[in-house]
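Descriptive analysis of the structure
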Amino acid sequence: MKERKTLTREKIDISPVTARYMGETHLMEQWSDKMLDLILNGPTLGSIKKEEIRAMLRQTYAALKVYEQIGPMASPFQNDPTAIVALAFKELYPDVDYCAQLVPDLADENGNPAYGLTIFPEDGSTPIVCISAKVPISAEPELLAHELAHVATGENAGHGPEWKAAEEAIANKYDEILKAMIPSEGLEVSVTPHKVGDGGILAMPLKDNIPEPKDPSWKLTTCPICGAECWESGLARQAMEAEPDLRAVCTVCALKAGRTKQKK
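Here's what I pulled together on the structure shown here. None of these values were measured; they are calculated from a predicted model.

**So, the overall build of the protein chain**
Helix and strand content of the protein chain: 8 helices and 7 strands. Looking at the protein chain as a whole, 33% of its 264 residues are labelled buried. Pairs at least 24 apart in sequence give 61% of the contacts found in the protein chain among residues at least 6 apart. Roughly 17300 Å² of accessible area belongs to the protein chain as shown, and the carbon and sulfur atoms make up 55% of that amount.

Okay, structure coming up:
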């Protein structure tokens, strides 16, 4: 798998303390289109102050580093839970690399369907995190956090204390980042390690959003709260069989339940 290259450096950050002595007074958003075009495409920079060019480079570098920490493709969603999990891991383990991918028919070494797994190549190269493309989107952040804990602790850690501590650290960092991004009065989403018996709410995709699912295991059902038609996946049925207290509702009612719980 091809390693992606980044332009920013892990150990080089923009220091706001240093900036105070550089006379940086104009941020890029304050510049006119004509000024930006002149700097980027003009024949000379002789009339532009060195401090202004430096300010532009510093601001560009800081923004680029944030995007590169998320990955090669920045999410279009401002509060994408999976991207925030990746960012949380990067902040906790800045020197640990991995590759992640969604796999349509993910299976373990015995050929059994798997939700997530991490491959540690025999040559010691970058670990590969695989998440099943068939799991609900709402399950992806938790699965990614689970597998990244394996990446952080290594192939031989299993699900022991070291792995457990890493998983909890990723979850806590996720909550910290998300709370800084979303106002306290907004809807918060928390990623916590799931255990059988925890119960909770399972969100089922609405038929209006997915008229014809490609997975034959999906069965049409109705939301027990609002009556809307939605899809119950094979994985959802397995989860509900294992956890009698787990309640399945449509995605809209699941979001409403989350907002109601937060207000209490």
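**Thoughts on empty space enclosed by the protein**
All told, the structure shown has 1 cavity of 30 Å³ or more when counted by the stated rule. What lines the largest cavity is P136, L202, A203, M204, P205, W218, W231, E232, S233 and A236. Contributing elements (two or more residues each) for the lining of the largest cavity: strand 4 (200-204) and strand 6 (229-232). Counting residues per element, the lining of the largest cavity draws most heavily on strand 4, which supplies 3 residues. Of the residues belonging to the lining of the largest cavity, the class tally is 8 nonpolar, 1 polar and 1 charged.

**Examining the sheet that holds strand 3 (residues 128-132)**
Whenever strands of a sheet pair, they do so through backbone hydrogen bonds, lying parallel or antiparallel. If you trace the 3 strands from one edge of the open sheet to the other, you get 1-3-2, paired in mixed fashion. Strand pairing shows two members of the sheet lacking a second neighbour, strand 1 (99-103) and strand 2 (116-119), which therefore form its edges. Direction aside, the axes of adjacent strands within the sheet are offset by 20° on average. Note that strand 1 and strand 3 share 5 bridges and pair parallel. When the sheet's bridge partners are listed, A100 is paired in strand 3 with V129. This element, helix 5 (residues 140-153), spans strand 1, strand 2 and strand 3 of the sheet and lies at about 155° to strand 3.

**Structural notes on the packing of aromatic side chains**
Scanning the model with the defined rule gives 2 aromatic pairs in all. With a centroid separation of 5.1 Å and an interplanar angle of 40°, the aromatic rings of F89 and Y93 are classed as tilted. A ring pair is formed by F89 and Y98, whose centres lie 5.4 Å apart and whose planes are at 90°; its orientation type is edge-to-face. Among the residues examined, F89 registers a relative accessible area of 0% and is labelled buried. Its relative accessible area of 23% is what places Y98 among the partly exposed residues. Taken together, F89, Y93 and Y98 form an aromatic cluster joined through their ring pairs.

**Quick look at the side chain of E140**
As for its position among the elements, E140 is in helix 5. The charged side chain of E140 is buried without a salt bridge, its nearest counter-charge being K134 at 13 Å. Not counting residues up to four positions away in its chain, the partners in contact with E140 are T82, L102, I131 and V135.

**Description of helix 7 (residues 234-242)**
Structural remark: α-helix, 3.6 residues per turn; residues separated by three or four positions point the same way. Those residues of helix 7 that sit buried are G234, L235 and A236. Here the buried face of helix 7 lies against strand 4 and strand 6.

**Some words on the nonpolar core**
By size, the foremost hydrophobic cluster in this structure holds 21 residues, and its most contacted members are V85, V129, L148, I170 and Y174. Only helix 4 (81-92), strand 3, helix 5 and helix 6 (161-181) provide two or more residues apiece to this core. Ignoring sequence-local partners within four residues, the contact set of I170 consists of V85, A88, F89, L92, Y93, A145, L148 and A149. Core analysis: the second largest hydrophobic core is formed by 13 residues, M204, L246, A248 and V249 among them.

Calculation criteria
- Residues numbered from 1 in each chain as written.
- Predicted model: local features only at pLDDT ≥ 70, side-chain atom pairs only at ≥ 80, totals over all residues.
- Heavy atoms only, no water.
- Helix = DSSP H or I, 4+ residues; strand = E, 2+ residues; numbered from the N terminus.
- Buried < 20%, exposed > 50% of the residue type's maximum accessible area, 1.4 Å probe, protein only.
- Contact = heavy atoms within 4.5 Å.
- Areas by Shrake-Rupley, 256 points an atom, 1.4 Å probe, with all protein chains shown as cover.
- 1 Å grid on protein atoms, 1.4 Å probe; cavity = no way out; pocket = protein on both sides within 12 Å on 5 of 7 lines; lining within 4 Å.
- Points joined across faces, edges and corners; volume = space filled by probe spheres on them.
- Nonpolar A, V, L, I, M, F, W, Y, C, P; charged D, E, K, R; others polar.
- Pairing = 2+ DSSP bridges.
- Axes fitted to C-alpha atoms, helices over the stretch in contact; angles between N-to-C directions.
- Phe/Tyr/Trp six-rings, centres within 6.5 Å; stacked < 30°, edge-to-face > 60°.
- Lys, Arg positive; Asp, Glu negative; His and termini not counted.
- Salt bridge = Lys/Arg side-chain N within 4 Å of Asp/Glu carboxyl O.
- Core = buried A, V, L, I, M, F, W, Y, C linked by side-chain atoms within 4.5 Å.

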